[in-house]
Amino acid sequence: MVEVSTNERILRSDVTLEECRKIEKVLRKNNISYFEKWKFHTGFFKFLDFSKNSKCDIYIHMDSYEDAKKALGIKA
(Lines give C-alpha, C1' and ligand atoms only; values in the text may rest on other atoms or scores of the structure.)
Protein backbone atom coordinates (compact mmCIF):
# COMPACT_ATOMS: atom_id res chain seq x y z
CA MET A 1 0.00 0.00 0.00
CA VAL A 2 1.41 3.36 -1.02
CA GLU A 3 0.38 6.59 0.65
CA VAL A 4 0.56 9.49 -1.82
CA SER A 5 -0.20 12.32 0.53
CA THR A 6 -2.01 12.66 3.80
CA ASN A 7 -5.41 12.37 2.12
CA GLU A 8 -5.08 9.87 -0.73
CA ARG A 9 -4.04 6.26 -1.05
CA ILE A 10 -3.44 4.28 -4.17
CA LEU A 11 -6.08 1.63 -4.70
CA ARG A 12 -4.78 0.03 -7.90
CA SER A 13 -1.62 0.65 -9.90
CA ASP A 14 -0.89 0.16 -13.61
CA VAL A 15 -4.49 -0.52 -14.58
CA THR A 16 -5.45 -0.87 -18.25
CA LEU A 17 -8.22 1.19 -19.80
CA GLU A 18 -10.68 -1.71 -19.69
CA GLU A 19 -9.95 -2.50 -16.04
CA CYS A 20 -10.18 1.18 -15.19
CA ARG A 21 -13.70 1.45 -16.64
CA LYS A 22 -14.85 -1.59 -14.62
CA ILE A 23 -13.41 -0.17 -11.40
CA GLU A 24 -14.97 3.25 -12.11
CA LYS A 25 -18.38 1.65 -12.52
CA VAL A 26 -18.16 -0.10 -9.13
CA LEU A 27 -16.84 3.00 -7.34
CA ARG A 28 -19.55 5.24 -8.82
CA LYS A 29 -22.24 2.73 -7.93
CA ASN A 30 -21.03 2.79 -4.31
CA ASN A 31 -20.69 6.60 -4.28
CA ILE A 32 -16.92 6.51 -3.64
CA SER A 33 -14.89 9.42 -4.99
CA TYR A 34 -11.63 8.67 -6.77
CA PHE A 35 -9.20 10.11 -9.27
CA GLU A 36 -6.96 8.65 -11.93
CA LYS A 37 -3.39 9.47 -12.84
CA TRP A 38 -2.64 8.29 -16.39
CA LYS A 39 0.78 7.12 -17.56
CA PHE A 40 1.39 7.34 -21.28
CA HIS A 41 4.17 5.49 -23.05
CA THR A 42 4.37 7.38 -26.32
CA GLY A 43 5.98 10.49 -27.67
CA PHE A 44 4.76 14.03 -28.21
CA PHE A 45 1.00 13.41 -28.47
CA LYS A 46 0.62 11.72 -25.10
CA PHE A 47 -2.69 13.40 -24.37
CA LEU A 48 -4.30 11.78 -27.44
CA ASP A 49 -3.12 8.25 -26.72
CA PHE A 50 -5.56 6.05 -24.83
CA SER A 51 -4.15 2.89 -26.35
CA LYS A 52 -3.32 -0.40 -24.70
CA ASN A 53 0.07 1.05 -23.73
CA SER A 54 -1.61 3.54 -21.40
CA LYS A 55 -1.86 2.65 -17.73
CA CYS A 56 -3.38 4.49 -14.80
CA ASP A 57 -3.21 4.56 -11.04
CA ILE A 58 -6.48 4.91 -9.14
CA TYR A 59 -6.40 6.95 -5.94
CA ILE A 60 -9.02 6.96 -3.16
CA HIS A 61 -9.44 9.35 -0.26
CA MET A 62 -8.17 7.63 2.87
CA ASP A 63 -11.58 7.90 4.57
CA SER A 64 -13.15 5.82 1.78
CA TYR A 65 -10.27 3.39 1.28
CA GLU A 66 -11.73 0.46 3.24
CA ASP A 67 -15.16 0.93 1.62
CA ALA A 68 -13.57 0.89 -1.84
CA LYS A 69 -11.65 -2.30 -1.07
CA LYS A 70 -14.83 -3.99 0.13
CA ALA A 71 -16.79 -2.84 -2.94
CA LEU A 72 -14.12 -4.22 -5.28
CA GLY A 73 -13.55 -7.39 -3.27
CA ILE A 74 -9.90 -6.60 -2.50
CA LYS A 75 -8.51 -8.32 0.55
CA ALA A 76 -5.60 -6.89 2.48
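Residues numbered from 1 in each chain as written. Predicted model: local features only at pLDDT ≥ 70, side-chain atom pairs only at ≥ 80, totals over all residues. Heavy atoms only, no water.

So, the overall build of the protein
Okay, so step 1: Looking only at helices and strands, the protein has two helices and three strands in total.
Okay, so step 2: Taken from N to C terminus, the helices and strands of the protein fall in the order β-α-β-β-α.
Okay, so step 3: In the protein, which comprises 76 residues, the share counted as buried stands at 28%.
Okay, so step 4: Here the protein displays about 5,500 Å² of accessible surface, and carbon together with sulfur accounts for 52% of that area. (Helix = DSSP H or I, 4+ residues; strand = E, 2+ residues; numbered from the N terminus. Buried < 20%, exposed > 50% of the residue type's maximum accessible area, 1.4 Å probe, protein only. Areas by Shrake-Rupley, 256 points an atom, 1.4 Å probe, with all protein chains shown as cover.)

With respect to the environment of Thr16
Okay, so step 1: As for its position among the elements, Thr16 is in the loop between strand E1 (8–15) and helix H1 (17–29).
Okay, so step 2: Leave out the neighbours within four places in its chain, and Thr16 touches Ser54 and Lys55. (Contact = heavy atoms within 4.5 Å.)

What about the environment of Asp57?
Okay, so step 1: Inspection of the secondary structure assignment puts Asp57 in strand E3 (residues 55–61).
Okay, so step 2: Here the alpha-carbon distance between Asp57 and Leu11, two residues 46 residues apart in the chain, equals 7.6 Å.
Okay, so step 3: Non-local contacts of Asp57, meaning those with residues more than four positions away in its chain, are made with Ile10, Arg12, Ser13, Asp14, Phe35, Glu36, Lys37 and Lys39.
Okay, so step 4: Looking at Asp57, its side chain comes within polar contact range of the main-chain nitrogen of Asp14, at 3.0 Å. (Polar contact = N/O pair within 3.5 Å; in protein donor to acceptor, adjacent residues only side chain to side chain.)

Quick word on the packing of aromatic side chains
Okay, so step 1: Taken as a whole, this structure holds one aromatic pair when the rule is applied.
Okay, so step 2: Judged by centre distance (4.9 Å) and plane angle (15°), the rings of Phe35 and Tyr59 are stacked. You can see Phe35 sitting in strand E2 (residues 34–39) and its partner Tyr59 sitting in strand E3, a full 24 residues away along the chain.
Okay, so step 3: Here Phe35 falls in the partly exposed class, since its relative accessible area comes to 38%. (Phe/Tyr/Trp six-rings, centres within 6.5 Å; stacked < 30°, edge-to-face > 60°.)

Considering the sheet that holds E3
Okay, so step 1: With respect to topology, three strands assemble into an open sheet ordered E1-E3-E2, the strand pairing being antiparallel. The open sheet has two edge strands, E1 and E2, and neither has a second partner. The sheet shows a mean angle of 20° between the axes of neighbouring strands, direction not considered.
Okay, so step 2: By the bridge criterion, six bridges tie E2 to E3 in an arrangement that is antiparallel. Note on E3: the bridge partner recorded for Trp38 is Cys56.
Okay, so step 3: This element, H1, spans E1, E2 and E3 of the sheet and lies at about 170° to E2.
Okay, so step 4: Its contacts with the sheet put helix H2 (residues 65–72) on E1 and E3, and the angle it makes with E1 is roughly 35°. (Pairing = 2+ DSSP bridges. Axes fitted to C-alpha atoms, helices over the stretch in contact; angles between N-to-C directions.)

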